[in-house]
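So the chains spell out like this:
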Amino acid sequence: MKTTFVGHAAVLVETKGLRILSDPWWQGPCFGAQWWIYPKPSLEAVDAAPMDYIYISHGHADHLHLGTLRRFPKTTKVLVSDTLDLTPSLVRAGFEVIEVGQDEEIDLGNGVMCRIIPTYADDTLMVLSDGEEVSFNLNDALHASPRYIQDSIVARLKQLYPKVDCVFCGYGIASHFPNCYVIPGKDNAKSAIERQKHFNRQWARIVNEIDPKFGFPFAADVAFLEKDLFWANEPTHNGERPIAAYAEIYPQSKAEVIDIGPGFTIENGKVIEDVRFHDVRESDLRALFEREIEKVNKHQAVDADFIDYLREQIAERVEICRPYLIEYSGDYRFLVVIRGADSAIELCKKGRTLELSTRNLADLDRQSYDVILTTQSSYLRRTLSSDFGHETLFVGSGCIFEYTSREKAEQNLHRELLPVLNNRTAPPRSRFGDQPKLMYQLKQGVKKAIGRVDEDLYDLKRWTVFS
């Protein structure tokens, strides 16, 4: 089995005359213009011959990237889990799709066996075995999932495959949180590093539990070119690497963990192209993406009519979400700012009253608002009009949340704004479930007292480091 790391989540496996590629993305950015693939992919092995199969792990745009997929011949078969709703879009793109059942192992040809196992939040992993070696492609499927999911999936994998040669596992650099949050006193770099350390340790624990011959971090390296997020490139990549966490926590492990770079190749258990990750430098990014940076940060003027349209769309969501929104006992003032516009959208709650209005930016005191959301008009329109449009904002780093006080940030007040920034026809489920508020609070207090509350991966108080 010969395996080449192409870049980001793309891995090419060649065995028994077959070529199987995972999650190709390199033809332009994804999540609007927020994520740019970096380091640049190594495409020599990809271009050497046609693919037999392409595995798509899940629907996020850095894994299911139609712009890149369209570069492949339509004779290429696409492998997906039958638990995901990906087939229609892939068929429309002209591909033959093979849906693999969650308890199914299929023969891709010549005795090369494939499993696709659903994990958590509409994600999957793939296992390839050729009778001689076994390779796991975990992409984003485990490191960001709850501990009980990790333990369950790893236990099943170890039962099915007691001996594993290679594990490719994501490690989480690509995250809007907590990078997209501006808070008084926040240390941006230390917050980013603290968050990344968590995922590095998840990566290390998963690889150690599987106990392969080789463990490789991948599926995380992207560049942010938007000026408000450009600072995040160096600390998120360079602050701590997953293999450093592995060496610290599991010094006795016999697994060889390698911090790979695009072009790294291993064949029959031997490294034949030893390309390693290198630190990300701002100067390199500015030189490589000079034209792209200029385009990403140039915003066209947005007229008042379009702001009115967006306000009307948000007003519809406010009415739909009203039963949920008024469950919150406090008051707030939110402002939604659109880049290139002279006016902004204001949402205020006072008691059980919710008011939405359009305000002239020049007349506003920004300090009078609790949270200011800044985004692009196209991103907000997509968020409000398509089923997965919100991913551009809340996965793909397409917005900035600015808090005017640390206290409000530690309450995660921005979460009161999120329900109305969605394409929805029904209100969210009550925050208290199907029980009275007092009963809910009592149960939560008991769970917290006995340590049964899951860690909140999106809690600003937990993950923000203040200077």
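Residues numbered from 1 in each chain as written. Predicted model: local features only at pLDDT ≥ 70, side-chain atom pairs only at ≥ 80, totals over all residues. Heavy atoms only, no water.

*Asks:* Report on the environment of Tyr 148, specifying residues and quantitative values.
*Replies:* Checked against the element boundaries, Tyr 148 lands in helix α4 (residues 147–160). For Tyr 148, a relative accessible area of 56% gives the class exposed. Separated by 75 residues in the primary sequence, Tyr 148 and Ala 223 have C-alpha atoms spaced 31 Å apart. (Helix = DSSP H or I, 4+ residues; strand = E, 2+ residues; numbered from the N terminus. Buried < 20%, exposed > 50% of the residue type's maximum accessible area, 1.4 Å probe, protein only.)

*Asks:* Describe the pattern of salt bridges, with residues and values.
*Replies:* Following the criterion strictly, the structure yields 26 salt bridges and no others. Arg 201 serves as the salt-bridge partner of Glu 240, at 2.9 Å between the closest nitrogen and oxygen. Residue Glu 240 is found in the loop between α6 (233–238) and α7 (242–249), and its partner Arg 201 is found in helix α5 (residues 188–210); the two are separated by 39 residues along the sequence. In this structure, the salt-bridge partner of Arg 431 is Glu 416, at a minimum N-O distance of 2.8 Å. Within this pair, whereas Arg 431 is found in the loop between α13 (406–410) and α14 (437–449), its partner Glu 416 is found in the loop between α13 and α14, the two being separated by 15 residues in sequence. (Salt bridge = Lys/Arg side-chain N within 4 Å of Asp/Glu carboxyl O.)

*Asks:* Could you give an account of α5, with specific residues and numbers?
*Replies:* Here α5 contains 23 residues, and its C-alpha end-to-end distance of 34 Å stays within 8% of the 33 Å for a straight helix at 1.5 Å per residue. Between the side-chain oxygen of the N-cap and the backbone nitrogen of Ala 189 there are 3.3 Å, and the N-cap of α5 in question is Asp 187. Positive phi shows up at Asp 211, right after α5, with a value of about 60 degrees. (Expected span 1.5 Å × (residues − 1). Polar contact = N/O pair within 3.5 Å; in protein donor to acceptor, adjacent residues only side chain to side chain.)

*Asks:* So what about the packing of α5 against α7? Which residues, and what values?
*Replies:* Running from N to C, α5 and α7 cross one another at 60 degrees; their axes reach a closest spacing of 8 Å. If you check the angle between α5 and α7, you find them oblique. In this structure, the crossing between α5 and α7 has a hand that is right-handed. Here Asn 200, Arg 201, Trp 203, Ala 204, Val 207 and Asn 208 of α5 lie close against α7, whose contacting residues are Pro 242, Ile 243, Ala 245, Tyr 246, Glu 248 and Ile 249. Residue composition of the contact of α5 with α7, by class: 8 nonpolar, 2 polar and 2 charged. (Axes fitted to C-alpha atoms, helices over the stretch in contact; angles between N-to-C directions. Parallel < 35°, antiparallel > 145°, perpendicular 65-115°, else oblique. Left-handed = near helix turned anticlockwise from the far one by under 90°. Contact = heavy atoms within 4.5 Å. Nonpolar A, V, L, I, M, F, W, Y, C, P; charged D, E, K, R; others polar.)

*Asks:* Tell me about the sheet that holds strand β21 (residues 353–360), and name the residues and values.
*Replies:* Adjacent strands of a sheet pair through backbone hydrogen bonds, lying either parallel or antiparallel. Here 6 strands make up an open sheet; going across it, the order is β13-β23-β22-β19-β20-β21 and the pairing mixed. Edge strands, defined here as strands with exactly one partner in the open sheet, are β13 (181–182) and β21. As judged from the 2 bridges shared by β13 and strand β23 (residues 399–403), these two strands associate in the parallel manner. Within the sheet, the bridge partner assigned to Val 182 lies in β23 and is Glu 402. Running over the sheet, helix α10 (residues 304–325) touches β19 (332–338), β20 (343–350) and β21 and is turned about 165 degrees from β21. (Pairing = 2+ DSSP bridges.)

*Asks:* Give me the side chain of Asp 123: which residues, what numbers.
*Replies:* Inspection of the secondary structure assignment puts Asp 123 in the loop between β9 (112–118) and β10 (124–129). We note that Asp 123 is buried and unpaired, the nearest opposite charge coming from Arg 156 at a distance of 13 Å. A polar atom in the side chain of Asp 123 sits 3.1 Å from the side chain of His 58. In this structure Asp 123 touches Ser 57, His 58, Leu 84, Ile 117, Pro 118, Asn 139, Asp 140 and Ala 141, once residues within four positions along its chain are discounted. (Lys, Arg positive; Asp, Glu negative; His and termini not counted.)

*Asks:* So, the state of the cysteines: which residues are in play, and what are the values?
*Replies:* The bond known as a disulfide is covalent and runs between the sulfur atoms of two cysteines. For the structure on display, the rule yields 0 disulfides. The thiol of Cys 166 is not disulfide-bonded; the next cysteine sulfur, from Cys 169, is found 13 Å away. No disulfide involves Cys 399; its nearest neighbouring cysteine sulfur is the one of Cys 180, lying 5.7 Å away. Among the residues examined, Cys 399 registers a relative accessible area of 1% and is labelled buried. (Disulfide = S-S within 2.5 Å.)

*Asks:* Quick rundown of the sheet that holds strand β8 (residues 105–109)? Include the residues and the values.
*Replies:* Taken in spatial order, the 7 strands of this open sheet run β8-β9-β10-β11-β12-β14-β16, and their pairing is mixed. Every interior strand has two partners, whereas the edge strands, β8 and β16 (256–257), have only one. Looking at chain direction, β9 and β10 are connected through 6 bridges and run antiparallel. The residue of β10 that forms the bridge with Ile 117 is Leu 125. Against the sheet, α5 engages β11 (134–139), β12 (166–170), β14 (214–218) and β16, with an angle of about 160 degrees to β12.

*Asks:* Quick rundown of α10? Include the residues and the values.
*Replies:* The terminal C-alpha atoms of α10 lie 27 Å apart, and with 22 residues this falls more than 12% below the ideal 32 Å at 1.5 Å per residue. Of all the bends in α10, the greatest, near 40 degrees, is centred on Glu 319, and the proline Pro 323 appears no more than four residues after it. Listed in full, the buried residues belonging to α10 are Ile 307, Leu 310, Gln 313, Ile 314, Arg 317, Val 318, Cys 321, Tyr 324 and Leu 325. Turning to α10, the residues buried within the fold contact β19, β20, β21 and α11 (377–385). (Bend = angle between axes of the 7 residues up to and from the residue.)

Scope: geometric values only; no functional claims are made or implied.
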